[in-house]
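Spelled out from the first residue to the last, the chains are:
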Amino acid sequence: MIVRRWEPLQRRRAAGAPFAAALAFLLLLGCAAPGKRLEAPYISLTRIEVDSTTVFETVMTVTLRLLNTNDVPLTLKGADVRLTVDGKDVAHGVSRMETTLPAYDTALVPMTLYSSMIDLAQGLLKIRDQEPLKYGIRGNVRIEGGFLMPSTLPFSHTGELSLDGIHTRKQR
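Residues numbered from 1 in each chain as written. Predicted model: local features only at pLDDT ≥ 70, side-chain atom pairs only at ≥ 80, totals over all residues. Heavy atoms only, no water.

1. Quick notes on the overall build of the protein chain
Stage number 1. Across its full length, the protein chain holds 2 helices and 8 strands.
Stage number 2. Taken from the N to the C terminus, the helices and strands of the protein chain come in the order α-β-β-β-β-β-α-β-β-β.
Stage number 3. In the protein chain, which comprises 172 residues, the proportion classed as buried is 28%.
Stage number 4. Taking the intrachain contacts of the protein chain between residues at least 6 apart in sequence as the baseline, contacts between residues at least 24 apart amount to 66%.
Stage number 5. With an accessible surface of roughly 12000 Å², the protein chain has 57% of that area assigned to carbon and sulfur atoms. (Helix = DSSP H or I, 4+ residues; strand = E, 2+ residues; numbered from the N terminus. Buried < 20%, exposed > 50% of the residue type's maximum accessible area, 1.4 Å probe, protein only. Contact = heavy atoms within 4.5 Å. Areas by Shrake-Rupley, 256 points an atom, 1.4 Å probe, with all protein chains shown as cover.)

Take a look at the structure:
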């Protein structure tokens, strides 16, 4: 009995041809696929309510307005947000959203943010010097993504904040 250790070169090439063709097809499909290019929702700050304050931390509820400028609905899974005052981070938070934002529509979404009293005090010390304050919100919205859709959309928005926009939540 003769055992051949090396197959003829032609047989090896013939065996690899279907694999190479399938790989080339998948690469071309990935480059030419008509996947949806989603825009991040436009997100702005509409309200801030202070929920509680301790020596070390302030808990606040912010209300964000989300505008979906896409022609498809976005199924929101969650978000992470940072609030800045005059370029300094003063609060941050994460939230599970579990909501669908219809195409070309808007929604108000409440979110809890947490702030170190030191960060908050440093950010708000400039109230006397500068009215209104410049603020910014930035972060990522997590969406339910499909095969060709992203699962994270970054966002950023800046604006001005006056003390008239800050409300204290009534204790129950």
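From this point, the discussion proceeds with the structure in view.
2. Overview of unusual backbone geometry
Most peptide bonds take the trans configuration, and most residues that are not glycine carry a negative phi.
Stage number 1. Backbone geometry places D86, a non-glycine residue, at a positive phi of 50°.
Stage number 2. Accessibility expressed as a relative area gives 24% for D86, which makes it partly exposed.
Stage number 3. Unlike most non-glycine residues, Y104 shows phi in positive territory, near 50°.

3. A few points about the confidence of the model for the protein chain
Stage number 1. Per-residue pLDDT for the protein chain averages 78, and the proportion of residues at 70 or more is 63%.
Stage number 2. Here residues 29–33 is modelled with pLDDT under 50, and outside its nearest four sequence neighbours on either side it reaches 1 contact, counting other chains as well. (pLDDT = per-residue confidence, 0-100.)

4. Notes on the nonpolar core
Stage number 1. Core analysis: the largest hydrophobic core is formed by 30 residues, its most contacted members being L45, M60, V62, L64, L76, L83 and I137.
Stage number 2. Secondary-structure elements contributing two or more residues to this core are β1 (42–53), β2 (57–67), β3 (74–85), β4 (88–101), β5 (106–116), β6 (133–143) and β7 (152–161).
Stage number 3. Broken down by element, this core gets its largest block of residues, 6 residues, from β3.
Stage number 4. Setting aside residues no more than four positions away along its own chain, M60 makes contact with I48, E49, V50, D51, L83, A91, M111, T112, L113, S115 and L120. (Core = buried A, V, L, I, M, F, W, Y, C linked by side-chain atoms within 4.5 Å.)

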